[in-house]
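# Structure at a glance
One letter stands for each residue in the lines below.
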Amino acid sequence: MTETVDFAIITAIQVEREAVCQSFGLGDQHRIHQGVRTYWKTQVDLGEGHFYTLVVTQLADAASVDGALAARDAIATWHPRALLMVGIAGAAKETVNLGDVVLGEEIYYYERGKTTAAGSLPEPKQYPADSTLWDRVITVAPWDGQVPLPRPDGGEGRPRVIPGVIASGEQVIADGAVRDRIAASNRKIAAIEMEGYGVSAAAWKLDQPVPCLVIRGISDRADAHKTNDWQPYAALAAAAFTRHFLGDRPLTPQKRVYPLADSAQPSPYRVMIDALKNGNLVPFLGPGIHPQFYTQLALELAEFVKTELWSAHLDDHPSNDKLIHKLIGIPCSVCAYWPQDRPPECPMIESMNESENIEDCPLYTEQGLAVSKINLRYLSQYYILKSSSLDSLYTSLYEILSRLRKTYPPNGLHQYIAELPTQMKARNKPVRSPGLPFQLILTTNYDDMIEQAFLKAQQPFDVIFYVADGPEKGRFKYQAYQETVKTMTSDGSSQLPLRSPWGNCPQPRPIILKLFGTWEQAWENHFIATDEQLAYLISTLKQSLPPSLISILTRGNLLFLGYSPSDSDLQLLINCLWPENKLASKSWLLHQAKPGDLEKELWKTRNVELLPMGASLEDFVDDFQADIDTLIR
C-alpha cells in the first residue's frame, strides 16, 4: 500500500485508543485491517477547505518492543508524515498533577546500562522530539482544557500542559522510591511510561526519520497508591489536547478538492447533510438496523410459548417453524406471492434458523423481519389469551431480551449516530447549537442499543418511552440525563432539553423517543408486544406526545432507517403523525428492498425519497461520512 497519511497515532491500551477515537469521532465504521494490525482511519476537517488524514492503532501489548513494532508497521503501511504516541503515564514529581498533559521534549530510556560487581552503571539513551513538531506544540494556540468526562476527584480544575522529559522503561512503576530514583537521574523528567522509547526509536532509526512526538495524560503517581481510577480521564485529556494540537495545523494540511455544484452525479445525501448541519435531521430507526436481534427474539419467544402451552393447548406438538402456521392459519399476510409461485425457501415454509436455505430467498432479511414481527405479535397475543397472565409473558420477554443484549451489542450505525454530535461540534455545526445535529431520534425498537452507543460515546442524552400496558397504559415516561424516570405530564415540553424554537434550554441534548416502549428501565414498563397494543398507541399518540415533539416532527427532515417501504407499522405511524399522509419537509427512506411502482408513487406523494442503501449499513455510513467531509467545511 502506497497511501500517505498525515499522522499515525499509536496508543498502548484500550482506554487510550478509545479516548483518541472519541476525540476524533471514530467508530466501528472507520475500522480497517492492514496486515496483522487493525487501524481506525479518518479525515480531520480543518476548515477553509483543508484537512488531515490520520490513522489510529493500538498495541497488542503494553511494552517498548510492541511500541517499536507498531511504529514500524504503521510507517511501512501508511508512510505517515508524523507519528504521535498518545496515552497515559505516571507523574514523576509532585508538581505534576493527576489529569495534566505532559509533552515529551525528550524520551529518556532509563533501563539501559551495565551490571558489574561494583553495581549497576546507568547508560541512558535519549531521543528528542522532532524539532518542527516541538516548536509547533509549545507555541500552540491556548487550549481550554475541556475534557468530556468529570474529574474523578469531583474537582473543577482543568489539565495543565507541561513540557518535560518523559522517562520510558520496561516496567510498570508502582513504587515511590523507584520513581524518585528514576526522576533523580534527569531533573526535567515529568512523567514515566513504557512505550514511548520503542516508538521514538523506530521513528528515528530510519534512513529518513519520521517526525515523532509523545503526548501523555497523567493517570497516577507511580507509587504504591497506583490505581486505574484516573485512566479514562487522563487518556481523554491527552486525546483532547492532541485534537486541539492538530486543529492548530502543525504541518501544512492538504487542500480538499470539492465537487462542482453542477456535478453530473451529485451526492444523494447532499440535502440530507444540509439538514444535519442545520440541526433539522430526525433519524427514525426500525428493526432492520439490527435484524438478527429481532429474528432471534421471535425464535426464542416461539420456544417459550411452545414450552408453556404445549401440553394444554397444542395437542399435535408442532415444531417452532410450524407453530405460527397453526396459530394464524393460511394465507400468509407477509407477501403477495400466489401459492404456486412462492419460493421454496420462503421463511414461512422453512425454519427461520436454517440460514443456509433462507439466504436463497429473495430479500430474505426483509421478509424474515416481517415474519419475526408476526411471530412476536401473534405469539404474545395467544399467550395472553390462553394464560391470562400479562406479567408472565413480559417476565419471559425481559429474560430473553437480557440474554440477547449480551449477544448483540450496538453496531456501527448505532455508534455513528451517537458520535455525530461530537463530530459536528468540532465543525461548529449547527451554528445555532453546535453539537446538536438532531434534537430528536425516533425508534420503534425496544432494545437499548442506541442508548448503549450514546453511553459509550459519552454523549449526554434524554429518553422518552411509551408504556404499552398496565396501570399507566398509553402514557409516556421521561428520563432526563443522569436522572430518575418520571411520568410525563399532558404538556411535558417544559421538562425537555429543547433548543429554540421549541425551548430555551441553555445546554440542549438529543432526545431518544422510543415509540414502542422499552425494556431496560423497569419491568412494569411494558413495551408493545401485540397488535392490540399497537392499535391503542396509534389511536392516542397525537394526544399523548408533547406539542413540542409533534412540532419537531412536523418541521424536521426525517431519515427512515431499518424499514422496508412496505412495512405496515411504518405505514400506520405515517398516517397517524402526518394526517394528510404527507411530510412537510423533504425526507428519505433508505432500504434494501425492491419496491413496486405503487410503493414508489405513494412515498413520492408523501414527500419521502426512496434511496437504495447499498450492500450494508456500513457502506451507507462510509459514504455518508465521506460526503460530510466534503460538504461541511
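Residues numbered from 1 in each chain as written. Predicted model: local features only at pLDDT ≥ 70, side-chain atom pairs only at ≥ 80, totals over all residues. Heavy atoms only, no water.

### Notes on helix 2 (residues 64-78)
- With 15 residues, helix 2 should cover 21 Å at 1.5 Å per step; its first-to-last C-alpha distance of 21 Å lies within 8% of that length.
- In the core, the buried residues of helix 2 are packed alongside strand 1 (7-11), strand 2 (31-34), strand 3 (37-47), strand 4 (50-58), strand 5 (82-91) and helix 5 (196-204).
- Remark: His79 follows helix 2 within two positions and exhibits a positive phi of approximately 50 degrees. (Helix = DSSP H or I, 4+ residues; strand = E, 2+ residues; numbered from the N terminus. Expected span 1.5 Å × (residues − 1). Contact = heavy atoms within 4.5 Å.)

### Notes on the confidence of the model for the chain
- Of the residues in the chain, 82% reach a pLDDT of 70 or more, and the chain-wide mean stands at 82.
- Overall, residues 257-265 carries pLDDT values under 50, and its contacts beyond four positions in sequence, including any with other chains, amount to 5 contacts.
- Predicted confidence for residues 347-364 stays below pLDDT 50, and this span has 47 contacts to residues more than four positions away or in other chains. (pLDDT = per-residue confidence, 0-100.)

### Quick word on a negative patch on the surface
- A grouping of Glu618, Asp619, Asp622 and Asp623 is seen on the molecular surface, where their side chains present a negatively charged patch.
- Relative to the helices and strands, Asp619 resides in helix 19 (residues 617-631). (Patch = residues over 30% accessible without salt bridge, like charges linked within 9 Å, V, L, I, M, F, W, Y side chains within 5 Å. Areas by Shrake-Rupley, 256 points an atom, 1.4 Å probe, with all protein chains shown as cover. Salt bridge = Lys/Arg side-chain N within 4 Å of Asp/Glu carboxyl O. Lys, Arg positive; Asp, Glu negative; His and termini not counted. Charge placed at Lys NZ, Arg CZ, Asp CG, Glu CD.)

### Thoughts on the pattern of salt bridges
- Under the definition given, this model contains 21 salt bridges.
- The shortest N-O distance in the salt bridge between Arg72 and Asp73 comes to 3.1 Å.
- A salt bridge links Glu193 to Arg216, with the nearest nitrogen and oxygen atoms 2.7 Å apart. Residue Glu193 is located in strand 11 (residues 189-193), and its partner Arg216 is located in strand 12 (residues 212-220); the two are separated by 23 residues in the primary sequence.
- Among the residues examined, Glu193 registers a relative accessible area of 4% and is labelled buried.
- Through salt bridges that share partners, Glu16, Glu193, Glu195 and Arg216 make up one connected network. (Buried < 20%, exposed > 50% of the residue type's maximum accessible area, 1.4 Å probe, protein only.)

### A look at the packing of helix 2 against helix 5
- At their nearest, the axes of helix 2 and helix 5 sit 6 Å apart, and the two run at 35 degrees to each other. For helix 2 against helix 5, the interelement crossing comes out right-handed. Facing Ser64, Gly67, Ala68, Ala71, Arg72 and Ile75 of helix 2, the residues of helix 5 in contact are Tyr197, Gly198, Val199, Ala202 and Ala203.
- Among the residues forming the contact of helix 2 with helix 5, the class breakdown is 7 nonpolar, 3 polar and 1 charged. (Axes fitted to C-alpha atoms, helices over the stretch in contact; angles between N-to-C directions. Left-handed = near helix turned anticlockwise from the far one by under 90°. Nonpolar A, V, L, I, M, F, W, Y, C, P; charged D, E, K, R; others polar.)

### Some points on the pairing of strand 16 (residues 462-466)
- With 5 of 5 residues buried, strand 16 lies mostly within the body of the structure.
- Side chains of strand 16 alternate between two faces, with Asp462, Ile464 and Tyr466 and Val463 and Phe465 buried alike.
- Bridge count between strand 16 and strand 19 (residues 511-514): 4 bridges; the pairing is parallel. Following the sheet pairing, Ile464 is matched in strand 19 by Leu513.
- Pairing geometry for strand 16 and strand 17 (residues 476-479), over 4 bridges, is antiparallel. For Val463, the partnering residue across the bridge sits in strand 17 and is Gln479. (Pairing = 2+ DSSP bridges.)

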